[in-house]
Amino acid sequence: MQKTTIIGFIGAGNMAYALISGLINNGFPASSIKLSDIDAALLSQRESEFGVEVFTNNSQLAMQCDVIVFAVKPKILSSICKQVELHTNRRSLVVSIAAGIKIDNINNWLKGNISIVRTMPNTPALVGKGITGMAANDAVTYEQKKITEQIFGSVGECFWVEEEKMLDAVTALSGSGPAYFFLMIESMTNAGIALGLDKQIAEKLSIQTALGASTMAKQSGYSPHELRAKVTSKNGTTQAAIKSLQDQNFEIIISNAIHAAFDRAREIGYELSNNE
Ligand SMILES: NC(=O)c1ccc[n+]([C@@H]2O[C@H](COP(=O)([O-])OP(=O)(O)OC[C@H]3O[C@@H](n4cnc5c(N)ncnc54)[C@H](OP(=O)(O)O)[C@@H]3O)[C@@H](O)[C@H]2O)c1
C-alpha cells in the first residue's frame, strides 16, 4: 500500500481495535489512520494507545480518508451512510464489516457508484488469527483490493468470494465458527471434570488439544480425514470415542447447526435490507 493512503475507521469497538492493532503491528503508519466514534472516552483511550487521530464527527473523518471502514453495528449503518455520503466519491473505497448488510444497500445509502467491499471477519482477528471473507462490487479497482487485503491480512488470513451471497456461507462457517469450538472446548472440559480432573487441568488439556489439532490440520500437509485415520487405531480409545460420536450422528448435528446459521444469516440480511 502507498504510504499516502489514509484509512478511517467509523466505530472504535472490538473489530476496529483488532484491525488498527494489526495494521500498526504490520508497519502501517499510525499517522495514516483516523478513527471516529460517539464515545469520547473510548476515543481518547484509542488515541493514547495507538497515536491515531480521532473524531467524534463521522463526516469530518470521512472527508479526510481514501478508505472508510464501517466498523459499527449493522442497524446504524444506514444513518452512518447519510452522515458520510457527501464525502464519498468514485475515488473512495468503502469497506463494511457490518454483518448482513448488502453492498447494494450501502451503495444506495451512499447515493451510488461507490467502490464497496463487504467483509465477514471473525473474532480470532483480536489475536491475529482471524479469517475474513471479502466481496467487492464492480467499481472496486485492483489497488483497492490490495488495500483491503492489507487491512484484513494484518489480523489473519483473507480471501475473495466470487459472489457476495457466498458471505452467508462464510458467516455460517467462520463468522459464527469460533463459538462452535468454544462449545467443544467447554464440553470436553466438563467431561474431563466428570472423570475426576481439576477444572483448570481439564480446561488446559482441552484448549491445548484444540490448538494442537488445528495447527496440525493446517501445517502437516495431511487432510483432517487422514490425520484422524492416523490417530484412530483399531479397538483403541480414539476409535471408541469416534464411534460414540458417529453413532449419535455427530456429522449431521454439525451440518444442521451450520445450515441453521446460514439460514439465519440470510434471514438477517433480508431483514436489514428492508430496514430503510
Ligand atoms: N465481533 C465480531 O466477531 C464480528 C465479526 C464479524 C463482523 N462483525 C461486525 O463488525 C461490526 C462491529 O463489531 P464490534 O464487535 O466491533 O462492535 P462494537 O464493539 O459494538 O463497536 C462498534 C462501535 O461503534 C460505536 N458507535 C455507535 N454508534 C456510532 C456512531 N453513530 N458513530 C460512530 N460510532 C458509533 C459504538 O459505540 P457504543 O458502544 O457507544 O454504541 C462502538 O464503540 C458489527 O457490524 C459486527 O456485525 C463483528
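Being a predicted model, the structure only gives us computed values, none of them experimental.

1. Description of the overall build of the chain
Right, so step 1: Secondary structure summary: the chain contains twelve helices and eight strands in total.
Right, so step 2: Expressed along its principal axes, the backbone C-alpha trace of the chain runs to roughly 70 × 40 × 35 Å.
Right, so step 3: Looking at the 276 residues of the chain, the share that counts as buried comes to 39%.
Right, so step 4: Considering only residue pairs separated by 6 or more positions, the chain has 61% of its internal contacts joining residues 24 or more positions apart.
Right, so step 5: Averaged over its 24 positive side-chain charges, the chain has a centre that lies 3 Å from the centre of its 26 negative ones.

2. Details of the side chain of Ser-59
Right, so step 1: Within the fold, Ser-59 resides in helix α3 (residues 58-62).
Right, so step 2: At a separation of 2.9 Å, a polar atom in the side chain of Ser-59 contacts the side chain of Asn-57.
Right, so step 3: If we ignore the near neighbours within four places in the chain, the residues touching Ser-59 are Gln-83, Val-84 and His-87.

3. Describing the domain arrangement of the chain
Right, so step 1: Along its sequence, the chain is organised into domain 1 (7-163) and domain 2 (175-268).
Right, so step 2: Taking the mean C-alpha position of each, domain 1 and domain 2 sit 33 Å from one another.

4. Considerations on the packing of helix α7 (residues 167-175) against helix α8 (residues 177-194)
Right, so step 1: Contact geometry of α7 with α8 gives a least axis separation of 5 Å together with a crossing angle of 25°. In this view, α7 runs roughly parallel relative to α8, as classed from their interaxial angle. Along the contact surface, α7 presents Ala-172, Leu-173, Ser-174 and Gly-175, while α8 presents Gly-177, Pro-178 and Tyr-180.

5. Observations concerning α7
Right, so step 1: When we look at burial in α7, the residues that qualify are Leu-167, Asp-168, Val-170, Thr-171, Ala-172 and Ser-174.
Right, so step 2: Next to the buried residues of α7 lie β6 (115-120), β7 (130-136), β8 (156-160), α8 and α12 (250-273).

6. Regarding the site of the ligand
Right, so step 1: Taken together, 22 residues are adjacent to the ligand, and Met-15, Asp-37, Val-72, Ile-97 and Thr-123 come closest.
Right, so step 2: A distance of 2.8 Å is found between an oxygen atom of the ligand and a side-chain nitrogen or oxygen belonging to Asp-37.
Right, so step 3: About the coverage of the ligand: the protein hides 76% of its 880 Å² of free accessible area.
Right, so step 4: Of the pockets mapped on this structure, the ligand occupies the second largest pocket.
Right, so step 5: Per-class residue counts for the shell around the ligand are 15 nonpolar, five polar and two charged.

7. Some details on unusual backbone geometry
Right, so step 1: Of note, the phi angle at Asn-113 is positive, near 60°, even though the residue is not glycine.
Right, so step 2: Look at Asn-235: it is not a glycine, yet its phi comes out positive at around 65°.
Right, so step 3: Classification of Asn-235 by relative accessible area gives exposed; the value is 71%.

8. With respect to the pairing of strand β1 (residues 7-10)
Right, so step 1: Alternating residues of β1 divide into Ile-7 and Phe-9 and Gly-8 and Ile-10, and every residue in both groups is buried.
Right, so step 2: Pairing analysis gives four bridges linking β1 to strand β2 (residues 33-36), with the strands arranged parallel. Opposite Ile-10, over in β2, you have Ser-36 as the bridge partner.
Right, so step 3: Handedness of the β1-helix α1 (residues 14-25)-β2 crossover: right-handed.
Right, so step 4: Judged from the four bridges that link them, β1 and strand β4 (residues 67-70) form a sheet pairing that is parallel. Bridge assignment links Ile-7 to a residue of β4, and that residue is Val-67.

9. What to know about the nonpolar core
Right, so step 1: Of all hydrophobic cores here, the largest spans 31 residues; its most connected members are Ile-7, Phe-9, Val-67, Val-69 and Ile-151.
Right, so step 2: Put simply, the parts of the chain that give this core at least two residues each are β1, α1, β2, α2 (40-50), β4, β5 (93-96) and α6 (142-153).
Right, so step 3: The dominant element in this core, judged by the number of residues it contributes, is α1, at six residues.

Parameters at a glance
Residues numbered from 1 in each chain as written. Predicted model: local features only at pLDDT ≥ 70, side-chain atom pairs only at ≥ 80, totals over all residues. Heavy atoms only, no water. Helix = DSSP H or I, 4+ residues; strand = E, 2+ residues; numbered from the N terminus. Buried < 20%, exposed > 50% of the residue type's maximum accessible area, 1.4 Å probe, protein only. Contact = heavy atoms within 4.5 Å. Lys, Arg positive; Asp, Glu negative; His and termini not counted. Charge placed at Lys NZ, Arg CZ, Asp CG, Glu CD. Polar contact = N/O pair within 3.5 Å; in protein donor to acceptor, adjacent residues only side chain to side chain. Domains from an automatic or database assignment. Axes fitted to C-alpha atoms, helices over the stretch in contact; angles between N-to-C directions. Parallel < 35°, antiparallel > 145°, perpendicular 65-115°, else oblique. Near = heavy atom within 4 Å. Areas by Shrake-Rupley, 256 points an atom, 1.4 Å probe, with all protein chains shown as cover. 1 Å grid on protein atoms, 1.4 Å probe; cavity = no way out; pocket = protein on both sides within 12 Å on 5 of 7 lines; lining within 4 Å. Sits in = over half its atoms within 2 Å of the grid points. Nonpolar A, V, L, I, M, F, W, Y, C, P; charged D, E, K, R; others polar. Pairing = 2+ DSSP bridges. Right-handed = clockwise from strand over helix to strand, strands pointing away. Core = buried A, V, L, I, M, F, W, Y, C linked by side-chain atoms within 4.5 Å.

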